[in-house]
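Residues per chain are reported as follows:
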Amino acid sequence: MVEKRKPIPVRDAIEAIMTRVKPLRAETVSLEESYGRILAEPIIATEDVPAFTRSPYDGFAIRAEDSEGASGEYRKQFTVIDHIGAGEVCRKPLAKGEAVRIMTGAPLPDDANAVVMLEQTVESGNTFTVRKAFHANENVSMRGEEAKKGEVLLDAGHFIHPGVIALLATFGYDRVKVSAKPLVGILATGSELVDVSQPLEPGKIRNSNGPMIAAQLKRIGVESRSYGMKEDDLEACLQIVKTALEEADCLITTGGVSVGDFDYLPEIYKRLGAEVLFNKVAMRPGSVTTVTHADGKLLFGLSGNPSACFSGFELFARPALLKMMGSRKPFLPYAKAVLAEDFTKANPFTRFVRAVYQETPEGAKVAPAGFNKSSAVSSIAKGNAMIVLPGGTRGFQAGDEVDVLLLGLDEGAENWMI
Ligand code: AMP
Ligand code: MG
């Protein structure tokens, strides 16, 4: 008799996983190695930035009061007494009507408090004239205007993207405390699978899920170890799952998780004594997605169907792994968008449709990314988002507003979409 499984809502499935996630330790890496990692310490301003008051333009540093009364008819003249570029310092005092030729990034001389841009002058020899009055601090970057020493600029848990690298570098963080990365095992099960490099034989397909998951992991900065492919054989699969669980922090399998005659993952979980968090989710595709917990490690049993496998990773494995790495925003970012074409399939369960999301001057639009069966591969390739259609709805029309999960972005969301 076929086992009857009780589907749980996607939100409950995610919560069941997230409550079991234990954060990994922190480690210190060099700045160059920190890209793609997650900060395990806040970035604190070690100095004021800028550290000195400086010129944001190429021009002349003056005493603002000396330009008082200048106009088109009554130009004021200055005499240039020094010339400095970025990295140099002028120590000469400025007397009335004197100026220092100064380049972008150079510190303002002590007596100066405004900068006249080159474009605002008429030059002649070592003098120039201006046609307007400058006020104190005009065209000046003030010390500490961006950050004050001691200020917390980014909290721990932030993804380290190129902008964060710039910030770390600015404050002299040549070593950065980041969360350790989990090592994730990947195992593709199915007697029909052949390796990517192999020609097809009757009844066989190439293992596309394995490489796809490795890339999904890479996209969130996680390393994987492939346990290859295994035919649908209980003992063989059990052995490799045990090995993987000893070596890796987490295991993702694809295929063999349903109720078919050769689906051995449910039996493997039993033999491992794993706690089954759920083995059916009220979603399409991927309702057979099963997540279990053994020896403090999560096992993600994803469907073999490529679209279901892809969504299963993004919805369940991704936030768990990001939380393990201390991310404050482990969930997929989401948005609202207008459906660009009808989607008339009914949705008994919440449906995730691989889609193309686009921001246009008229607002955000989204359209299914083509052939959308759970077995589809091309729509995963074309999509950059997933439309989320709530369960219990009877199809949607072009122009309807829908929820969208956005894929492949650095910045996640703190919560699972509302
Ligand atoms: P299963 O989840 O084992 O019932 O497999 C569902 C469907 O996904 C079947 O049509 C399989 O042939 C296919 N499939 C299973 N594993 C993979 C894989 N690694 N890559 C691509 N397709 C797969
Ligand atoms: Mg199978």
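What this report covers is the structure whose coordinates are included nearby. (Residues numbered from 1 in each chain as written. Chains lettered and ligands numbered in written order. Predicted model: local features only at pLDDT ≥ 70, side-chain atom pairs only at ≥ 80, totals over all residues. Heavy atoms only, no water.)

## Brief notes about the overall build of the protein chain
No. 1: Within the protein chain, the secondary structure is distributed over seven helices and 24 strands.
No. 2: When its C-alpha atoms are laid out on the principal axes, the protein chain stretches across 100 × 50 × 40 Å.
No. 3: Expressed as a percentage of the 418 residues in the protein chain, the buried residues total 50%.
No. 4: Carbon and sulfur atoms make up 50% of the accessible area of the protein chain, which totals about 20,000 Å².
No. 5: The average position of the 48 basic charges and that of the 54 acidic charges among the side chains of the protein chain differ by 5 Å. (Helix = DSSP H or I, 4+ residues; strand = E, 2+ residues; numbered from the N terminus. Buried < 20%, exposed > 50% of the residue type's maximum accessible area, 1.4 Å probe, protein only. Areas by Shrake-Rupley, 256 points an atom, 1.4 Å probe, with all protein chains shown as cover. Lys, Arg positive; Asp, Glu negative; His and termini not counted. Charge placed at Lys NZ, Arg CZ, Asp CG, Glu CD.)

## Observations regarding the pairing of strand S19 (residues 297–302)
No. 1: Across the six residues of S19, six count as buried, placing the element largely inside the fold.
No. 2: Of the two faces of S19, the one lined by Lys297, Leu299 and Gly301 and the one lined by Leu298, Phe300 and Leu302 are each fully buried.
No. 3: Pairing analysis gives five bridges linking strand S15 (residues 250–254) to S19, with the strands arranged parallel. Opposite threonine 253, over in S19, you have glycine 301 as the bridge partner.
No. 4: Between strand S18 (residues 290–294) and S19, which pair antiparallel one after the other, the connecting turn spans two residues, and aspartate 295 there sits at a positive phi close to 50°. (Pairing = 2+ DSSP bridges.)

## A short note on the environment of alanine 294
No. 1: Secondary-structure assignment places alanine 294 in strand S18.
No. 2: Taking relative accessible area as the criterion, alanine 294 reaches 4% and is therefore assigned buried.
No. 3: Residues alanine 294 and tyrosine 269, 25 residues apart in the sequence, show an inter-C-alpha distance of 8.4 Å.
No. 4: Leaving out residues up to four positions away in the same chain, alanine 294 has contacts with Leu245, Ala274 and Leu299. (Contact = heavy atoms within 4.5 Å.)

## Remarks on the nonpolar core
No. 1: Core analysis: the largest hydrophobic core is formed by 47 residues, its most contacted members being Phe300 and Phe316.
No. 2: When contributions to this core are tallied by element, the ones reaching two or more residues are helix H1 (10–18), strand S11 (183–189), helix H3 (209–219), S15, strand S16 (275–278), S19, helix H6 (306–324) and strand S23 (385–389).
No. 3: In terms of residue count, the dominant contributor to this core is H6 (10 residues).
No. 4: Within the second largest apolar cluster, 18 residues are counted, among which are Tyr227, Leu251, Ala274 and Leu299. (Core = buried A, V, L, I, M, F, W, Y, C linked by side-chain atoms within 4.5 Å.)

## Some details on the environment of threonine 253
No. 1: Topologically, threonine 253 is positioned in strand S15.
No. 2: The spacing of threonine 253 and leucine 302 is 49 residues in sequence and 5.9 Å in space, taken between C-alpha atoms.
No. 3: Discounting chain neighbours no more than four positions away, the residues touching threonine 253 are Leu187, Leu265, Tyr269, Phe300, Gly301 and Leu302.

## Here we look at the pairing of strand S20 (residues 334–339)
No. 1: Bridge count between S20 and strand S24 (residues 401–406): five bridges; the pairing is antiparallel. Residue pairing across strands places alanine 335 opposite valine 404, the latter belonging to S24.
No. 2: Alignment of S20 against strand S22 (residues 363–368), held across two bridges, turns out to be parallel. When the sheet's bridge partners are listed, leucine 339 is paired in S22 with valine 366.

## Examining the site of ligand 1
No. 1: Around ligand 1, the surrounding shell holds 16 residues, and the nearest of these are Glu192, Asn207, Asn209, Gly256 and Gly304.
No. 2: Within the side chain of asparagine 207, an N or O atom sits 2.9 Å from a nitrogen atom of ligand 1.
No. 3: Contact distances for ligand 1 include 2.8 Å between an oxygen atom and a backbone N or O atom of glycine 304.
No. 4: Bound to the protein, ligand 1 loses 77% of the 490 Å² it would expose on its own.
No. 5: Sorting the residues of the shell around ligand 1 by element identifies S11 and strand S13 (205–206) as the ones contributing at least two each. (Near = heavy atom within 4 Å. Polar contact = N/O pair within 3.5 Å; in protein donor to acceptor, adjacent residues only side chain to side chain.)

## Re the sheet that holds strand S4 (residues 76–84)
No. 1: Pairing is mixed across the open sheet formed by six strands, whose spatial order is S6-S3-S5-S4-S8-S7. A single partner strand is all that each edge strand has here, and the edge strands are strand S6 (114–117) and strand S7 (122–124). Neighbour to neighbour, the strand axes of the sheet diverge by 35° on average, direction disregarded.
No. 2: By the bridge criterion, four bridges tie S4 to strand S8 (residues 127–130) in an arrangement that is antiparallel. When the bridges of S8 are listed, glutamine 77 appears paired with threonine 129. (Axes fitted to C-alpha atoms, helices over the stretch in contact; angles between N-to-C directions.)

## What about the sheet that holds strand S14 (residues 223–230)?
No. 1: One open sheet accounts for six strands, arranged S14-S11-S15-S19-S18-S16; its pairing is mixed. Each edge of the sheet is formed by a strand with only one pairing partner; in this case those strands are S14 and S16. On average, each strand axis in the sheet is inclined to that of its neighbour by 20°, with strand direction left out of account.
No. 2: Sheet topology note: the S11/S15 ladder contains five bridges and is parallel.

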